[in-house]
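# Survey of secondary and tertiary structure
Listed here are the chains, written in short residue letters.
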Amino acid sequence: MKNSSLNSDAGSGERAWPKILLNYRKPNRGRSAFELAVTVIPFAIFWALCWAAVHYGFWWGLLLIIPAAGFLLRLFMIQHDCGHGSFFAHRHSDDWTGRVIGVLTLTPYDYWRRAHALHHASAGNLDERGVGDITTLTVTEYRALSRWGRLGYRLYRHPAIMFGVGPAWLFIFKQRLPFGMMRSGVQPWVSTMATNFAIALLAAILIWFVGVIPFLMIHLPIVVLAGAAGIWLFYVQHQFEETHWSQGADWKFQEAALHGSSHYDLPLVLRWLTGNIGIHHVHHLSSRVPYYRLPEVLRDYPELGDVGRITIMQSLRCVKLVLWDEGRRRLISFSEARALA
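All values derive from a computational prediction rather than experimental measurement.

Cut-offs used in this document
- Residues numbered from 1 in each chain as written.
- Predicted model: local features only at pLDDT ≥ 70, side-chain atom pairs only at ≥ 80, totals over all residues.
- Heavy atoms only, no water.
- Axes fitted to C-alpha atoms, helices over the stretch in contact; angles between N-to-C directions.
- Helix = DSSP H or I, 4+ residues; strand = E, 2+ residues; numbered from the N terminus.
- Parallel < 35°, antiparallel > 145°, perpendicular 65-115°, else oblique.
- Left-handed = near helix turned anticlockwise from the far one by under 90°.
- Contact = heavy atoms within 4.5 Å.
- Nonpolar A, V, L, I, M, F, W, Y, C, P; charged D, E, K, R; others polar.
- Patch = residues over 30% accessible without salt bridge, like charges linked within 9 Å, V, L, I, M, F, W, Y side chains within 5 Å.
- Areas by Shrake-Rupley, 256 points an atom, 1.4 Å probe, with all protein chains shown as cover.
- Salt bridge = Lys/Arg side-chain N within 4 Å of Asp/Glu carboxyl O.
- Lys, Arg positive; Asp, Glu negative; His and termini not counted.
- Charge placed at Lys NZ, Arg CZ, Asp CG, Glu CD.
- Phe/Tyr/Trp six-rings, centres within 6.5 Å; stacked < 30°, edge-to-face > 60°.
- Buried < 20%, exposed > 50% of the residue type's maximum accessible area, 1.4 Å probe, protein only.
- Lys NZ or Arg CZ within 6 Å of the ring centre and 35° of its normal.
- Pairing = 2+ DSSP bridges.
- pLDDT = per-residue confidence, 0-100.
- Core = buried A, V, L, I, M, F, W, Y, C linked by side-chain atoms within 4.5 Å.
- Expected span 1.5 Å × (residues − 1).
- Bend = angle between axes of the 7 residues up to and from the residue.

## Some words on the packing of helix α3 (residues 29-56) against helix α4 (residues 65-83)
Packed helices, taken two at a time, are described by the angle their axes make and the gap between the axes. Where α3 meets α4, the axes come as close as 9 Å, and the angle between the chain directions of the two elements is 150°. Considered as vectors, α3 and α4 are oriented roughly antiparallel to each other. In this structure, α3 meets α4 at a crossing whose hand is left-handed. Residues Glu35, Leu36, Val38, Thr39, Val40, Pro42, Phe43, Phe46 and Cys50 of α3 form the contact with α4, whose participating residues are Ile65, Pro67, Ala68, Phe71, Leu72, Arg74, Leu75 and Ile78. Among the residues forming the contact of α3 with α4, the class breakdown is 14 nonpolar, one polar and two charged.

## A few points about a positive patch on the surface
Residues Arg143, Arg150, Arg154 and Arg338 make up a contiguous surface patch of positive charge. As for its placement among the helices and strands, Arg154 is situated in helix α8 (residues 147-157).

## Concerning the packing of helix α5 (residues 91-105) against helix α10 (residues 187-210)
Two elements in contact, α5 and α10, have axes separated by 9 Å at closest approach and are oriented at 60°. It follows that α5 is oblique to α10 by the angle criterion. Remark: the crossing between α5 and α10 carries right-handed chirality. Side by side, α5 and α10 meet where Gly102, Val103 and Leu104 of the first sit next to Thr195, Ala198, Ile199 and Leu202 of the second. A class-by-class count of the residues in the contact of α5 with α10 yields five nonpolar, two polar and no charged.

## Details of the packing of aromatic side chains
Applying the stated criterion to the full structure yields 18 aromatic pairs. Taken together, a centroid distance of 6.3 Å and an interplanar angle of 20° make the contact between Phe87 and Tyr291 stacked. Of this pair, Phe87 sits in the loop between α4 and α5 while Tyr291 sits in the loop between α14 (280-285) and α15 (294-300), placing them 204 residues apart in sequence. Note on Phe87: relative accessible area 0%, which makes it buried. Note on Tyr291 and Tyr292: the rings are 5.7 Å apart at their centroids and 80° apart in plane angle, and the pair reads as edge-to-face. Through pairs of rings, three or more aromatic residues link up here, namely Phe87, Phe88, Tyr291 and Tyr292. Sitting over the face of the ring of Tyr142, Arg150 holds its NZ or CZ atom 5.3 Å from the ring centroid. Sitting over the ring of Phe334, Arg154 keeps its end group 4.0 Å from the ring centre.

## So, the sheet that holds strand β5 (residues 330-332)
Taken together, the three strands give an open sheet; going across it, the order is β1-β4-β5, and neighbouring strands pair in mixed fashion. Either end of the sheet is taken by a strand with one partner, and the two such strands are β1 (137-138) and β5. Sheet topology note: the strand β4 (residues 323-325)/β5 ladder contains three bridges and is antiparallel. In the strand pairing of β5, Asp325 is matched with Arg330.

## A few points about the environment of Ile213
Looking at the secondary structure, you find Ile213 in helix α11 (residues 212-236). Here the alpha-carbon distance between Ile213 and Leu331, two residues 118 residues apart in the chain, equals 44 Å.

## Quick look at the confidence of the model for the protein
On average, residues of the protein score 92 in pLDDT, and 95% of them are at 70 or above. Confidence scores differ between elements of the protein, with helix α1 (residues 2-7) showing the lowest mean pLDDT of 42 and α4 the highest of 98. Counting contacts from residues 1-13, a segment whose pLDDT is below 50, to residues more than four positions away or on other chains yields 13 contacts.

## Quick word on the nonpolar core
Ile222, Val282 and Leu304 are the most contacted members of the largest nonpolar core, which totals 66 residues. Filtering out sequence-adjacent residues up to four positions away, Ile222 remains in contact with Phe43, Trp47, Ile65, Ala68, Ala69 and Leu72. The next biggest cluster of nonpolar side chains, apart from the first, holds nine residues, and it includes Leu137, Val139, Tyr153 and Ala337.

## Remarks on the environment of Ala228
Turning to its location among the elements, Ala228 is positioned in helix α11. Considering only alpha carbons, one finds Ala228 and Met162, 66 residues apart in sequence, at a separation of 8.3 Å. Once you skip the residues sitting within four places of it in the chain, Ala228 turns out to touch Phe163 and Pro167.

## Quick word on the pattern of salt bridges
Summed over the entire model, instances satisfying the criterion amount to 11 salt bridges. Asp95 is the salt-bridge partner of Arg91, the closest N and O atoms lying 2.9 Å from each other. Residue Arg91 and its partner Asp95 are located together in helix α5, separated by four residues, close to a single helical turn. The class for Asp95 is buried, based on a relative accessible area of 9%.

## So, the side chain of Asn125
For Asn125, the location among the structural elements is in the loop between α6 (109-122) and β1. What makes Asn125 buried here is its relative accessible area of 11%. Leave out the neighbours within four places in its chain, and Asn125 touches Ser246, Gln247, Gly248 and Trp251.

## A closer look at helix α9 (residues 159-173)
Note on helix geometry: an α-helix contains 3.6 residues per turn, so any two residues three or four positions apart are oriented the same way. End to end, α9 covers 19 Å across 15 residues, agreeing with the expected 21 Å (1.5 Å per residue, within 8%). The axis of α9 is deflected most strongly, by about 45°, at Gly166, and proline Pro167 appears within four residues downstream. Along α9, the residues that are buried comprise Met162, Phe163, Gly166, Pro167 and Phe171.

Written out as structure tokens, the structure is:
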């Protein structure tokens, strides 16, 4: 009955989605606490096992850095829900949970929450690119660049930079200052400086217990791997072949959310580790839906499962999509841009 009521009026269907999703916005606080526990406890256990591997010389044990990074990524997804006020649906609880997790993810919570809110308010809007986004130029903008400007953009969009050097730069260095909000009042500064202090304090305690070399050997790779996975997810959620961008009066929130965000259809284990963030189009339609309730939406409204759906194999081809072709209204590669020229 739910589906037939939507399909009976195709013209109003998209406009109805935010209202429909109101039914899924209430979290179960017991479930939220459980989700937090089954994420932070395994992360701590894997971290400790990595230290034991270093301490006792079982170097193969450093492979446990990979699952540790997976659980750190999941902690970031909980921090992400806290930023939307959807994890406990209690502002004080969400904010302080997000701030504490931000010390582990090296992400200043209040600064990040503000930037991410701008992303949600302007996703898919060509006129509002900038804060919280992967920088993407139109073909016209790219051609207007100098030779060095084009080289800089090509380097920025190269996979080795985007998913290798980029995560280390972002999480270890860039987020130590409120870039993009340097003149936006005191809150971004308080958020970054307080997080930096807490990071330094936690690092000092861990170094006192395990030593500086083991700490660097364990925690930095965990952060970089988790960061690379996070940036990859953010990338394919908006940089895919059938994405929708528009500008001016043509930009509509619901249309941009539903068709400008992908449904990254991951295997069950990866869905769990990534906090169902692959159901990104539904998340953008209503960011207050807790991540563990997103599968309920697809269960009740299966037609949403095919909207913007991409598989892992399809997502690998998204890396080459680097420029927005305003004429054809789709992302294209550098080679396609050359052919157009």
